[in-house]
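Observations on chain architecture
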Amino acid sequence: MRNAVLPLIVLIAFTAFTGFSMAHAEQSLIQFGITLMSSLDTAQVVIDLYILAGLACIWMYQDTKARNKSLMSVMPYLAITVVFVSVGPLLYLVMRGITKQAQAGET
């Protein structure tokens, strides 16, 4: 669990902030994305964010493969990453830390 503490704190804080933001938003998530992509400067930030998300997906896939887990076990994290970007890798890190701790306890 020690490996999961920092990602868990960040996950809880960011997810709460995201939920709060979405609850008080004046437009849908899709409309917001379209608005961001309509301006060159904000489009650059969005594209940069999704490049990083793509790299995180590659890392999660390779890590899953290196730990001899099935591809299906990483699919939920990849799907969450596509929509909520940071939440997928953060959740993956939390679950990986918990799993690692549980496996260490078994041996």
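Here is a short report on the structure shown in this document.

Reading the values: rules and limits
- Residues numbered from 1 in each chain as written.
- Predicted model: local features only at pLDDT ≥ 70, side-chain atom pairs only at ≥ 80, totals over all residues.
- Heavy atoms only, no water.
- Axes fitted to C-alpha atoms, helices over the stretch in contact; angles between N-to-C directions.
- Helix = DSSP H or I, 4+ residues; strand = E, 2+ residues; numbered from the N terminus.
- Parallel < 35°, antiparallel > 145°, perpendicular 65-115°, else oblique.
- Contact = heavy atoms within 4.5 Å.
- Nonpolar A, V, L, I, M, F, W, Y, C, P; charged D, E, K, R; others polar.
- Core = buried A, V, L, I, M, F, W, Y, C linked by side-chain atoms within 4.5 Å.
- Buried < 20%, exposed > 50% of the residue type's maximum accessible area, 1.4 Å probe, protein only.

Where helix α3 (residues 40–66) meets helix α4 (residues 75–84), the axes come as close as 10 Å, and the angle between the chain directions of the two elements is 175 degrees. It follows that α3 is roughly antiparallel to α4 by the angle criterion. Note on element contacts: α4 touches α3 through Y77, L78, T81, V82 and V83, opposite Y50, A53, C57 and M60. For the contact of α3 with α4, the class distribution of residues is 8 nonpolar, 1 polar and no charged.

A word on the nonpolar core. Core analysis: the biggest nonpolar cluster contains 6 residues, these being C57, M60, V74, Y77, L78 and Y92. Elements represented by at least two residues in this core include exactly α3 and α4. The contact partners of L78, leaving out residues within four places of it in the chain, are C57 and M60. A4, V87, L90 and V94 belong to the second largest nonpolar core, which has 5 residues in total.

Geometric descriptors of this kind do not, in isolation, establish any biological role.
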